[in-house]
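Read off the chains here:
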Amino acid sequence: MLEPKKRKYRKCFRGKNRGKAQRGTQVAFGDYGLKALEHGLLTDREIEAARKKITFATKKVGKYWFRVFPHKPVTKKPVGVKMGSGKGDIDHYVAVVKPGMILFEIGGVDIATAKSAFSKAGHKLSVKTALVSKD
């Protein structure tokens, strides 16, 4: 799955996911985009599942862009381990998503294909999404 090649620190704090997205709110590369409508954490598996749906729905016509990447590690302790003894090992990586952020973009396809592809991809994600166009 998707994960960063290198990190300065292996584990990080959970942090807070407040406010609206300040950057990455406009369609920049393609003609249509999939915009997040709520806060959330997208796992590497969700992003990959959505990417597969987009490639399948567009029948490899046109081009698509990722606008999110899972940089944040999420730790988890094994089942049956008692409390204490430090933080658990890294289980998976997530992308922090805020409302208004563009998640995916498509170019070189018509509106019907983009709508179909983003509808299928949106079902794979844990946040509510909407289709937006460049204009």
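Refer to the structure above for everything that follows.
A short tour of the structure in this document, coming up.

Reading guide: rules and limits
Residues numbered from 1 in each chain as written. Predicted model: local features only at pLDDT ≥ 70, side-chain atom pairs only at ≥ 80, totals over all residues. Heavy atoms only, no water. 1 Å grid on protein atoms, 1.4 Å probe; cavity = no way out; pocket = protein on both sides within 12 Å on 5 of 7 lines; lining within 4 Å. Points joined across faces, edges and corners; volume = space filled by probe spheres on them. Helix = DSSP H or I, 4+ residues; strand = E, 2+ residues; numbered from the N terminus. Nonpolar A, V, L, I, M, F, W, Y, C, P; charged D, E, K, R; others polar. Expected span 1.5 Å × (residues − 1). Buried < 20%, exposed > 50% of the residue type's maximum accessible area, 1.4 Å probe, protein only. Contact = heavy atoms within 4.5 Å. Pairing = 2+ DSSP bridges. Axes fitted to C-alpha atoms, helices over the stretch in contact; angles between N-to-C directions.

Things to note about the layout of surface pockets
Reported here for the largest pocket is a volume of approximately 250 Å³. Surrounding the largest pocket, 13 residues form its lining, Phe 13, Arg 14, Leu 41, Lys 72 and Val 74 being those nearest its centre. A per-element tally of the lining of the largest pocket places strand S4 (residues 72-76) first, with four residues. In terms of residue class, the lining of the largest pocket is made up of six nonpolar, three polar and four charged.

Topic: helix H1 (residues 44-58)
Here H1 contains 15 residues, and its C-alpha end-to-end distance of 21 Å stays within 8% of the 21 Å for a straight helix at 1.5 Å per residue. Among the residues making up H1, those that are buried are Asp 44, Glu 46, Ile 47, Glu 48, Ala 50, Arg 51, Ile 54, Thr 55, Ala 57 and Thr 58. Buried-residue contacts for H1 involve strand S2 (40-43), strand S3 (63-66), strand S5 (89-97), strand S6 (102-107) and helix H2 (111-123). Two residues or fewer after H1 comes Lys 59, characterised by a positive phi angle close to 55 degrees.

A short note on the sheet that holds S2
Taken in spatial order, the three strands make up an open sheet running S2-S5-S4, and their pairing is antiparallel. The open sheet has two edge strands, S2 and S4, and neither has a second partner. Ignoring which end each strand starts from, the neighbouring axes of this sheet average 50 degrees apart. The pairing of S4 with S5 spans five bridges and is classified as antiparallel. Within S5, the position partnered with Lys 76 by the bridge is Asp 89. In the packing of H1 onto the sheet, the strands contacted are S2 and S5, and the crossing angle to S2 comes to about 70 degrees.

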